[in-house]
Amino acid sequence: MPALPLSLLWVVPALPLVGFVVNGTLALTRPTAKRVVSLVGVGTLVLAFAAAGMAVAELARQHPTVPLVFRYWEWMPAGDLQVSFALQLDQLAAVMILVVTGVGALIHVFSIGYMHEDPGYARYFAYLNLFVFFMLTLVLGANFPVMFVGWEGVGLCSYLLIGFWFNDKVNADAGKKAFIVNRIGDFGFLVAMFLIFTRFGSLDFETVFAKAPGALVPGGAVVTAMTLFLFLGCTGKSAQIPLYIWLPDAMQGPTPVSALIHAATMVTAGVYLVARCGVLFALSPLGSAVVAGIGALTALFAATIALKQWDIKRVLAYSTVSQLGYMFVGVGTGAYAAGMFHLVTHAFFKALLFLGSGSVIHAMHQAYAATQTHEDAQDMRNMGGLARHLPWTAALMWIATLAIAGIPPFAGFFSKDEILGAAFAEATVRPLWYAFWGMGLAAALLTAFYMTRLMLYTFHGPNRTGEREREHLHEAPPVMTGPLVVLGVLTLFGGALNIPHLFGGNAFLEHWLEPVTGVAHRLRPALEVAAATEWTLVAGAVLVAVLGIVGALRLLKPEALVPARLAPPETGLARLLWKKWYVDELYDAIIVRPVLWLSREVLWKIVDARIVDGLLVNGTAAASRAVGWLGSRLQTGEVGVYVVLFVIGVLAVVRAAVR
Amino acid sequence: MLLGPSLAVSAVLFTLGVAGVLLRRNAIVIFMCVELMLNAVNLTFVALAQQLGVAGQIFVFFVMAVAAAEAGVGLAIMLAIYRHRHTVNLQSINLLKG
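Residues numbered from 1 in each chain as written. Chains lettered and ligands numbered in written order. Predicted model: local features only at pLDDT ≥ 70, side-chain atom pairs only at ≥ 80, totals over all residues.

1. Some details on the overall build of chain A
In terms of regular secondary structure, chain A is built from 26 helices and two strands. Along the first, second and third principal axes, the C-alpha set of chain A runs to 115 × 65 × 55 Å. Burial status across chain A gives 51% buried among its 659 residues. For chain A, the proportion of contacts with a sequence separation of at least 24, taken over those separated by at least 6, is 81%. (Helix = DSSP H or I, 4+ residues; strand = E, 2+ residues; numbered from the N terminus. Buried ≥ 20, exposed ≤ 12 C-beta atoms within 10 Å, placed from the backbone. Contact = placed C-beta atoms within 7 Å.)

2. Quick word on the overall build of chain B
A count of helices and strands for chain B gives three helices and zero strands. Of the regular secondary structure in chain B, the N- to C-terminal order runs α-α-α. Relative to the compact-globule value of 13 Å for 98 residues, chain B shows a C-alpha radius of gyration of 17 Å, a clear excess of over 25%. Dimensions of chain B, computed from the C-alpha atoms along their principal axes, are close to 50 × 25 × 20 Å. Put simply, chain B has 98 residues, and 11% of those count as buried. Considering only contacts in chain B between residues 6 or more positions apart, those separated by 24 or more positions represent 46%. (Rg over C-alpha atoms; globule rule 2.2 N^0.38 Å.)

3. Some words on the confidence of the model for chain B
For chain B, mean pLDDT is 90; residues scoring 70 or higher make up 98% of the total. Here the complex is predicted with pTM 0.82, and the ipTM for its interfaces comes to 0.85. (pLDDT = per-residue confidence, 0-100.)

4. Observations regarding the interface of chain B and chain A
In this complex, chain B contributes ten residues to the contact, which on the side of chain A involves ten residues. Of the residues belonging to the side of chain B that touches chain A, the class tally is six nonpolar, three polar and one charged. (Nonpolar A, V, L, I, M, F, W, Y, C, P; charged D, E, K, R; others polar.)

5. A word on helix α11 (residues 269–276) of chain A
Across the eight residues of α11(A), eight count as buried, placing the element largely inside the fold. Regarding α11(A), the residues found buried are A269(A), G270(A), V271(A), Y272(A), L273(A), V274(A), A275(A) and R276(A).

6. Considering the pairing of strand β1 (residues 68–78) of chain A
Residue and element names in this part refer to chain A. Sheet topology places β1 next to strand β2 (residues 81–89); nine bridges connect them, and they run antiparallel. Bridged to F70 within β2 is L87. From the end of β1 to the start of β2, which pair antiparallel, there are two residues, and G79 there has a positive phi angle of about 60°. (Pairing = 2+ DSSP bridges.)

7. A word on the packing of helix α15 (residues 336–370) of chain A against helix α16 (residues 391–405) of chain A
Residue and element names in this part refer to chain A. One way to put it is that α15 packs onto α16 with a least axis distance of 9 Å and a crossing angle of 145°. The two elements α15 and α16 meet at a crossing, and its hand is left-handed. Only T393, L396, M397, A400, A403 and I404 of α16 make contact with α15, whose side of the interface consists of F349, L352, L353, G356, S359 and V360. (Axes fitted to C-alpha atoms, helices over the stretch in contact; angles between N-to-C directions. Left-handed = near helix turned anticlockwise from the far one by under 90°.)

8. Notes on unusual backbone geometry
Residues and elements named next belong to chain A. Cis geometry marks the peptide bond from I241 to P242, where omega comes out at 5°. Cis geometry is adopted by the peptide bond preceding P409, which originates at P408 and carries an omega value of 5°. Along the chain, P409 falls in the loop between α16 and α17 (411–427). Look at W581: it is not a glycine, yet its phi comes out positive at around 60°.

9. So, helix α18 (residues 432–459) of chain A
Side chains three or four residues apart in an α-helix point the same way, a direct result of the helix having 3.6 residues per turn. All names here are of chain A. Compared with the 40 Å implied by 1.5 Å per residue over 28 residues, the 41 Å span of α18 between its first and last C-alpha is a close match. Burial analysis of α18 places 23 of its 28 residues in the buried class, the great majority of the element. In the segment just after α18, G461 is the residue with positive phi, at about 75°. (Expected span 1.5 Å × (residues − 1).)

10. Some details on the environment of Y457(A)
Structurally, the position occupied by Y457(A) is in helix α18. Residue classification places Y457(A) among the buried positions, given that 25 C-beta atoms sit within 10 Å.

11. Things to note about the nonpolar core
One broad trend across soluble globular proteins is that nonpolar side chains are buried collectively. Grouped together as the largest cluster of nonpolar side chains are 219 residues, with contacts concentrated most on I97(A), F131(A), M135(A), V139(A), M340(A), A351(A) and L352(A). No other element matches the 19 residues that α15(A) contributes to this core. For V139(A), the contacting residues outside a window of four places in its chain are A93(A), M96(A), I97(A), V100(A) and Y272(A). Counting residues in hydrophobic clusters, the runner-up holds five residues, among them V21(B), A27(B), I30(B) and F31(B). (Core = buried A, V, L, I, M, F, W, Y, C linked by C-beta atoms within 7 Å.)

12. Re the packing of helix α3 (residues 91–114) of chain A against helix α20 (residues 478–493) of chain A
A pair of packed helices is captured by two measures, namely the crossing angle of their axes and the spacing between those axes. Residue and element names in this part refer to chain A. At their nearest, the axes of α3 and α20 sit 7 Å apart, and the two run at 155° to each other. By the criterion of interaxial angle, the relationship of α3 to α20 is roughly antiparallel. At the point where α3 passes α20, the crossing takes the left-handed sense. In this structure, α3 uses L106, I107, V109, F110, I112, G113 and Y114 to contact α20, whose residues at the interface are V479, M480, G482, P483, V486 and L487. Here the residues of the contact of α3 with α20 are counted per class, giving eleven nonpolar, two polar and no charged. (Parallel < 35°, antiparallel > 145°, perpendicular 65-115°, else oblique.)

13. A closer look at the environment of V485(A)
Within the element layout of this structure, V485(A) appears in helix α20. For the pair formed by V485(A) and A395(A), sequence separation is 90 residues and the distance between their alpha carbons is 9.8 Å.

Next up, the structure:
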């Protein structure tokens, strides 16, 4: 078969868009046609994955050193601003489209089982397809505006899917929170775009990154401002301090959505953006330090919160925030390949964890539904001993747990180790990185601990679901366990993608990404440490992970737990962590309430009611009425007065004429 | 020939008419004052026609014709007003007051 031209790249995002249109139409006209909806929803994703695979295969054959850009039409020709709708395929985008369509397809399959009873089935698949379309636009865009379309679009889909069950106010509120917090980040992205345009006169990646090393002063104020504003966008989309607060609330959406959007793909867009703009970040040591610092801080901070959460999905949500922090440490250190590697492995094991938790919640929900009990199906205190009832889910989630904890040879070990190694190597030149490395290591310890805690409380120890409910607990149907198995295999062997030279590997991903990261690496050479040091680091990291797991196994007593409704309230530090360091309350007090107060008391009651309505609108009306009243005083209705005026007028005219 | 006295009489008549219109309240009287003004103007026309040609005299006929028509219409209006309001005092007819 002759290779198809790569200019057909548009087919990849177009397929999910077709899925969205078809499913959206079905959602409006025939919402019960579940078979067609599943076929279209999953089919377009599988086809998109196949198309992406073919495109990447062709890219691998050519292996160009510059991105392949395809301009489809002029989008915004406005004076100096020339923006065309263009897609580009390079090694970085190739990694992303494979992850997005591949993991996306698996999660679509899982959704068939998970959402089967839901009345909004067609709407759900329409949104999910739309999300994949926007995500592909984001990663394939060849300039900032096209990327921004995808960036905004995934935010929209995230909002729609978090508030998918919008009948509950808490879900709708969570959606709004995600959207508003993301808008703050988007503001940063926009400002960065304006800066880039004023500086380079172009928004194409190709032009900007080619001109950047010559046009910008390394470490100068301009490039630092650009990177910091870009990173503000990343903190919003990728849930970093200070804008991470929306992601845990995003767990109100269906669990497959949490797996796809809020773990595997959308939230990694920020990491992708930093890797994409690696040239700019390499030119700004301060910008890079901020990225790595915020990443390290977030990794540690979110991990502490995850220690005391009871909602199984919230643990995973904070774990996602924490792991995203790791990725930012990687890309902020200049180890773009390591960051992207962790992005890929994280997509595998975190999608597996979320889908596994979806399988657990599904079983719990069915058990409670069968006995008409209204208990929290997501609270780990109501679980326990589920390994007997869901053996597949338990085994696969253990694999993912070992992977995220960093136990060799699972996928997470290699990627996490590389990030920590890169941070340590950087620290030999910039001592600040010792702090980042230390925080990352501490977060690794906590990660191993809280993940073991999750597994222990969910799958082991006595069952706390209830006597009658217990017999209704059973494993999910094959359509749900199938994707879990595939992700489990990927989690087992995903590390093979980039085995470092240290272990005799060939660092495939690193070499694959070379054409993209090369320019940034020339500006900021990657640092190496001696092999002996590296071995020590690896041993240390594994030791920490084992310590976390063993510590959790020894310290935690699942036998002592009681079901959620009987549980005593937390006290002391546990309460502080359970309440998430009161960050939401803090934001509520210093931002939300003042803004609401300002809106209500000043903008509404004074500016709108008094100034706009009172002064401008009603004031204009009152002024015209006053002028009219003055005029009407002349209209006495008495003929005599009119005649007097008439005579005076005539005399005046005569006088004027005579003169 | 008697031009000066004629114009003087005409001016007096006209002023009387204006004063009547301005000062009286009764619509009939005001109406008569208007006629007085018209006739003062007629006298001026006739007087000046002695020197300026016959056009002035012809104009007088037009003025008289219009005045007759006006009298007809005006009196009819006044009758109509009287039927409705039982008065022709202009001070009490002020429906158009703003």
